[in-house]
Amino acid sequence: MGTSLFLKHLCFLIAFFQVFRLGAENLLLPREISFLKGFFLFRLHYNRGISFALFSSSPEFLPLILVCSFFVAALFLFTQRENFYSRKRFFWGALLLGAGSLSNLGERLVFGGVTDYAGFPFPFFGYLFVNLADLALLSGTVVLFLSFKKPL
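Overview of the structure. (Residues numbered from 1 in each chain as written. Predicted model: local features only at pLDDT ≥ 70, side-chain atom pairs only at ≥ 80, totals over all residues. Heavy atoms only, no water.)

**Re the nonpolar core**
Next up, step 1: In this structure, Phe6, Phe17 and Leu95 are the most contacted members of the largest nonpolar core, which totals 14 residues.
Next up, step 2: Listing elements by their share of this core, those giving two or more residues are helix H1 (3-28), helix H3 (87-111) and helix H4 (132-148).
Next up, step 3: By residue number, the principal contributor to this core is H3, which donates six residues.
Next up, step 4: Excluding residues within four positions of it along the chain, leucine 95 makes contact with Phe6, His9, Leu10 and Leu13. (Core = buried A, V, L, I, M, F, W, Y, C linked by side-chain atoms within 4.5 Å. Buried < 20%, exposed > 50% of the residue type's maximum accessible area, 1.4 Å probe, protein only. Helix = DSSP H or I, 4+ residues; strand = E, 2+ residues; numbered from the N terminus. Contact = heavy atoms within 4.5 Å.)

If you want it as structure tokens, here you go:
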């Protein structure tokens, strides 16, 4: 899979994440929505940290550096794509990692933080709020790790 296809998908995903964010902001601004007796909670949450609100109380530059490092890692891995066993898995993993990090980076640079809108209960911490780009970062990382493994 080529670089131009990667860039087209990357731009599409970033736009999709931002349209989804705008929709969530318009839908959830005056209220919150709960599903399955509170198992899923949709509420706007402004996050100055990184994914899952980690480092939200750290100095302002730390989350920015961490988000940039996710993108640099995705870019580096994409340049090394010939060295991976499963190129198809690698393509999608790098794409999700790159799109998630660029989407969050853009929001952070423009708005000073990221808008999260999906909450999941987490023991001892209450709800963990994420957005679609955070989920793309997480799933992209998993897919990248799977691209290293040879099938049995």
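**Some details on the pairing of strand S3 (residues 114-122)**
Next up, step 1: Bridge count for strand S2 (residues 40-47) against S3 is five bridges, and the pairing is antiparallel. If you follow tyrosine 46 over to S3, its bridge partner there is threonine 115.
Next up, step 2: Counting the residues in the hairpin turn of S3 and strand S4 (residues 126-130) gives three residues, including phenylalanine 124, whose phi is positive at 70°. (Pairing = 2+ DSSP bridges.)

**Points about the sheet that holds strand S1 (residues 33-35)**
Next up, step 1: Pairing is antiparallel across the open sheet formed by four strands, whose spatial order is S1-S2-S3-S4. Two strands close off the open sheet at either side, each with one partner strand: S1 and S4. When the angles between neighbouring strand axes are averaged without regard to direction, this sheet yields 40°.
Next up, step 2: Running over the sheet, H3 touches S2 and S3 and is turned about 120° from S3. (Axes fitted to C-alpha atoms, helices over the stretch in contact; angles between N-to-C directions.)

**As for the packing of H1 against H4**
Next up, step 1: Closest axis-to-axis distance for the H1/H4 pair is 9 Å, and the angle between their directions is 140°. Of the possible angle classes, the one that applies to H1 and H4 is oblique. Contacts between H1 and H4 pair Phe16, Phe17 and Phe20 from the former with Leu132, Ala133 and Ala136 from the latter.
Next up, step 2: Split by residue class, the contact of H1 with H4 holds six nonpolar, no polar and no charged. (Parallel < 35°, antiparallel > 145°, perpendicular 65-115°, else oblique. Nonpolar A, V, L, I, M, F, W, Y, C, P; charged D, E, K, R; others polar.)

**Re the pairing of S2**
Next up, step 1: Here S1 runs beside S2; their pairing, made up of three bridges, is antiparallel. Note on S2: the bridge partner recorded for isoleucine 33 is phenylalanine 42.

**Concerning the packing of aromatic side chains**
Next up, step 1: By the definition in use, this model includes six aromatic pairs.
Next up, step 2: Taken together, a centroid distance of 6.0 Å and an interplanar angle of 40° make the contact between phenylalanine 16 and phenylalanine 20 tilted. Linking phenylalanine 16 with phenylalanine 20, this pair stays in helix H1, spanning four residues, or about one helical turn.
Next up, step 3: Residue classification places phenylalanine 16 among the partly exposed residues on the basis of a relative accessible area of 38%.
Next up, step 4: Look at phenylalanine 91 and tryptophan 92: their rings are 5.2 Å apart centre to centre, the planes differ by 85°, and that puts the pair in the edge-to-face class.
Next up, step 5: Judged by its relative accessible area of 36%, tryptophan 92 falls in the partly exposed class.
Next up, step 6: Taken together, Phe12, Phe16, Phe17, Phe20 and Tyr117 form an aromatic cluster joined through their ring pairs. (Phe/Tyr/Trp six-rings, centres within 6.5 Å; stacked < 30°, edge-to-face > 60°.)

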